[in-house]
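# Observations on the three-dimensional arrangement
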Amino acid sequence: MHNEWDLAHTDYSAPPDRPVPAGLTDTEADWRQRLAQTPNGHLLHEGANAMLGSLAAGGPVYLLHLTRSLDSIRSSGQLLGSTGCLVGAIYGSPLTLLPGGALRPHNLGSYLLDARHALGSRHDSTPLVIQVTLDRPAPAKGLDYLRLGGIHLRAYYTYRHFLTPAEDDQVLRSVLDRVRVAAPLLNTLLHNASGGTTSEESFIDALAATVPICPYLGYLYFETVAEYLMLHSNSRATRECAHRGEMNNRLYKELAFSAVRGMGTLFDLGRFAPGHRRLLELVECIEAGLTASLPGYVRRRLSHLFAATALAQGQDASTFTFHGTDLDTLADSVPHLLGQLLFREIRTVDRYPQLYHCFEQAKALEAWSYWNSERIATPFNGTCPKGEIGINPAYPDAAFAVWTAEPCDQGLLHPVEQVAAVPAPRLVPWLVAPLRDRTEEERWIKRRLAPA
């Protein structure tokens, strides 16, 4: 178990040594070096990234957390974790303590504060300042949620009997059918990752067409474009962020909300699927001049990420094919992709709001145990150290203090009232069901079955 979680974390203070499947053109070290050479690549290093630096310093860490449940927090005295890119952490963004007691939000936090009244998911939320006093410096190890496939698969095997036989059969048949329909694009990804080339335009159009069939690809697609924008942007705002040791989070936020209707109600990257022309239009509107090398970057980077996060370590990407695969073959050769597909498929089951804790609490317990063993009190999103950071609610050796806060005209946060609450190792209830747009789910359910 510990090894699985270790492979799902990226250590930004150490040389990359995570193994990749056989047959890939690039290693982790190749990509780390390539990314470091981009205009903002220095922000991938602990010495230049303010968030990573604050963890290594070992002093108190201040985080902004937005909540719509302040009354419940006050009455229970507890802050609860939630699932998402940080598995079971209390989601937040960094704050910098200034002389006099005011706190400057990271640009991600400034964005969330500015947008909270316009976004359905953040409407009527209250800013909280959480002070985390650590017992020692924290490692710069971030959780890469794209690498949780093996953990999702193990959770399915362990808890599948919470499903009825009919539900389990529905889930497995649907996953296998998705792979059969998506096989041409999935094979293209492996072909590219092992040294082949394809037309950039046709590749991105095929990718966009396949995302509704295989929503995990939407997450890979978005994270690839977001990484490109943050590392290659040369705007004045990005340079100002970099001067403070921050990646510019507004770039990918604008990308997500422009590309997907309804993202402000439910942030669902499984619906991120712009075709080639639309992608260039979106990026050109965000920052002119960034589109020339984007298609090639997406083709090469996304293909590598797919192979690295889908295949078993001993599988050769250059010899595997998705055509004609069965579930046993998927479990043996691409267990991480199978886990990602099962994880998302189970969420389409009508009873999932009742089954949520059965499948998610166990993973959260494992994450908290791993973080405790690694002395990680404030886990962050390690797909890129962009500023998404949270609190491990089970960490035993930290002190916590919580205040409500108000922003001022200068964009600073000022603590107002201390709240008698501490993090607790429990997950908030499943709240997504009423927000879900089931259009694609219904379209898939009514599909014509792919030939076996």
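The coordinates are above.
Attention here is on the structure that accompanies the text. (Residues numbered from 1 in each chain as written. Predicted model: local features only at pLDDT ≥ 70, side-chain atom pairs only at ≥ 80, totals over all residues. Heavy atoms only, no water.)

### A word on the nonpolar core
For clarity, the threshold we go by: Throughout, nonpolar core names a set of buried Ala, Val, Leu, Ile, Met, Phe, Trp, Tyr and Cys residues whose side chains join them through atoms within 4.5 Å. Accessible area is worked out with a 1.4 Å probe on protein chains only. A residue is then buried under 20% of its type maximum, exposed over 50%, and partly exposed in between. By the convention used here, residues are in contact when the closest approach between their heavy atoms is within 4.5 Å.
Counting residues in hydrophobic clusters, the biggest one holds 137 residues, and the most contacted among them are L186, L217, Y221, V298, F306, F322 and L337. Residues within four places of Y221 in sequence aside, it is in contact with I204, L207, F272, A273, P274, G275, L279, V298 and L302.

### Description of empty space enclosed by the protein
As a reminder, the rule being used: Of the grid points, spaced at 1 Å and generated over the protein atoms alone, those admitting a 1.4 Å probe that cannot get out make up cavities, while open sets with protein on both sides within 12 Å along at least five of seven lines make up pockets; any residue with an atom within 4 Å of a point is treated as lining. Grid points are joined across faces, edges and corners, and a volume is the space filled by probe spheres set on the points. In this text, helices come from DSSP runs of H or I with a minimum length of four residues, and strands from runs of E with a minimum of two, each type numbered from the N-terminal end. For this classification, Asp, Glu, Lys and Arg are treated as charged, while Ala, Val, Leu, Ile, Met, Phe, Trp, Tyr, Cys and Pro are nonpolar and the rest, including Gly, are polar.
The full count for this structure, using the stated rule, is two cavities of 30 Å³ or more. Looking at the largest cavity, it is lined by 21 residues, and the ones nearest its centre are Y12, L35, E227, R301 and T383. Contributions of two or more residues to the lining of the largest cavity are made by helix 2 (28–36), helix 9 (216–232) and helix 13 (294–310). Reported here for the second largest cavity is a volume of approximately 70 Å³. Every residue lining the second largest cavity is listed: H152, A155, Y156, G339, L342, F343, I346, R347, Y352, F359, E360 and K363. Contributing elements (two or more residues each) for the lining of the second largest cavity: helix 6 (149–159), helix 15 (335–346) and helix 16 (352–373). Its residues assigned to classes, the lining of the second largest cavity comprises seven nonpolar, two polar and three charged.

### Considering unusual backbone geometry
Apart from glycine, the bulk of residues carry a negative phi angle, and the bulk of peptide bonds sit in the trans form. The backbone of V87 shows a phi angle near 60°, a positive value even though the residue is not glycine. Among the secondary structure elements, V87 is positioned in the loop between strand 3 (78–81) and strand 4 (90–97). Residue classification places V87 among the buried positions, given a relative accessible area of 9%. In this structure, R375 is a non-glycine residue whose phi angle is positive, near 60°. Structurally, R375 can be placed in the loop between helix 16 and strand 8 (389–391).

### Looking at the pairing of strand 2 (residues 61–67)
Here is the rule we go by: Pairs of strands are assigned from DSSP output, requiring at least two bridges between the strands.
The element strand 2 is largely enclosed, with a buried count of seven among its seven residues. Residue alternation in strand 2 divides its side chains into two sets, V61, L63, H65 and T67 and Y62, L64 and L66, and both sets are buried. Both strand 2 and strand 6 (residues 126–134) contribute to a ladder of seven bridges, which runs antiparallel. Note that in strand 6 the partner of L63 across the bridge is I130. Sheet analysis places strand 2 next to strand 4, joined by three bridges and oriented antiparallel. Residue pairing for strand 4: L64 is matched across the bridge by S93.

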